[in-house]
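Geometric and topological summary
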Amino acid sequence: QLQASGGGLVQAGGSLRLSCAASGRTGSLWHALGWFRQAPGKEREFVAAMNWRGDGKYYGDDVKGRFTIARDHTEKTTGYLQVNSLLPGDTAIYYCAVAASPSATYTQPGNFHYWGQGSLVTVSS
């Protein structure tokens, strides 16, 4: 089970930290953590991903330099997405996901096996 949190309403230029906590069997399975987002009327979009070791991090073009994905050093089953310099175009429901097996890439929804319920981020202009 995955629990995403940290979303909210923020002004353009602001920041948030989204959290993703894995519990139960999910917490022992992850080979990678990913974040995707979906805006109204749009398809789910890749945002960021990292492998279990943390030495491989990937970002969508729209968020490079503004968003940072990380894993908690103490709680190994908790991940984060630090979102800075937010734009109105970043408004979406943000989903965290866990890959239960290794993959050559972690930028597609199909690479992930477990999904959180989503956390809404609304950026006002």
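Provided above is the structure to which this section pertains.
Conventions we followed
- Residues numbered from 1 in each chain as written.
- Predicted model: local features only at pLDDT ≥ 70, side-chain atom pairs only at ≥ 80, totals over all residues.
- Heavy atoms only, no water.
- Pairing = 2+ DSSP bridges.
- Helix = DSSP H or I, 4+ residues; strand = E, 2+ residues; numbered from the N terminus.
- Axes fitted to C-alpha atoms, helices over the stretch in contact; angles between N-to-C directions.
- Phe/Tyr/Trp six-rings, centres within 6.5 Å; stacked < 30°, edge-to-face > 60°.
- Buried < 20%, exposed > 50% of the residue type's maximum accessible area, 1.4 Å probe, protein only.
- Lys NZ or Arg CZ within 6 Å of the ring centre and 35° of its normal.
- Core = buried A, V, L, I, M, F, W, Y, C linked by side-chain atoms within 4.5 Å.
- Disulfide = S-S within 2.5 Å.
- Polar contact = N/O pair within 3.5 Å; in protein donor to acceptor, adjacent residues only side chain to side chain.
- Contact = heavy atoms within 4.5 Å.

1. So, the sheet that holds strand β3 (residues 16-22)
Strand pairing in a sheet relies on backbone hydrogen bonds, with the paired strands running either antiparallel or parallel. Taken together, four strands build an open sheet; the order of strands is β1-β3-β8-β7 and the sheet is antiparallel. Because the sheet does not close on itself, it has two edges, and the strands there are β1 (2-5) and β7 (67-71). Between one strand axis and the next, the sheet turns through 15° on average, direction left out of account. Pairing analysis gives six bridges linking β3 to strand β8 (residues 78-83), with the strands arranged antiparallel. Looking at the pairing, A21 lines up with T78 of β8.

2. Considerations on the packing of aromatic side chains
Applying the stated criterion across every chain, the model contains five aromatic pairs. Between F36 and W115, the aromatic rings sit 5.2 Å apart at their centres with planes inclined by 50°, giving tilted as the arrangement. Here F36, found in strand β4 (residues 32-38), pairs with W115, found in strand β10 (residues 114-115); they are 79 residues apart in sequence, far enough to count as distant. Residue class for F36 comes out buried when judged on its relative accessible area of 0%. Where F112 meets W115, the ring centres are 6.3 Å apart and the plane angle is 65°; that geometry is what we call edge-to-face. A relative accessible area of 5% means that F112 is categorised as buried. Three or more aromatic residues joined by ring pairs form one cluster here, namely F36, F46, Y106, F112 and W115. It is R17 that lies over the ring of Y80; its NZ or CZ is 4.0 Å from the centre. Residue placement shows R44 over the ring face of Y95; its charged tip is 4.0 Å from the ring centre.

3. Observations regarding the nonpolar core
L33, W35, V47, F67, L81 and Y94 are the most contacted members of the largest nonpolar core, which totals 26 residues. Elements supplying a minimum of two residues to this core: β1, β3, β4, β5 (45-51), β7, β8, β9 (92-99) and β11 (119-124). The next biggest cluster of nonpolar side chains, apart from the first, holds eight residues, and it includes F36, A97, A99 and F112.

4. A few points about the state of the cysteines
Under the defined criterion, the tally for this structure stands at one disulfide. Bridging C20 to C96, the disulfide has an S-S length of 2.2 Å. Residues C20 and C96 are joined by a disulfide whose S-S torsion is about 70°; by sign, that bridge is right-handed. Highlighted residues: C20 in strand β3 and C96 in strand β9, separated in sequence by 76 residues. Relative accessible area serves as the criterion here: at 0%, C20 is assigned to the buried category.

5. Points about the pairing of β7
Looking along a regular strand, one sees the side chains alternate between the two faces of the sheet. In β7, alternate side chains face the same way, and those of F67, I69 and R71 are buried while those of T68 and A70 on the opposite face are not. Sheet topology places β7 next to β8; five bridges connect them, and they run antiparallel. When the sheet's bridge partners are listed, F67 is paired in β8 with V83.

6. Notes on the side chain of S119
Mapped onto the fold, S119 is located in strand β11. For S119, a relative accessible area of 7% translates into the label buried. Within the local environment of S119, its side chain forms a polar contact with the backbone nitrogen of G7, the two atoms lying 2.9 Å apart. Apart from residues no more than four positions distant in its own chain, S119 is found in contact with A4, S5, G6, G7, L18, A92, I93 and Y94.

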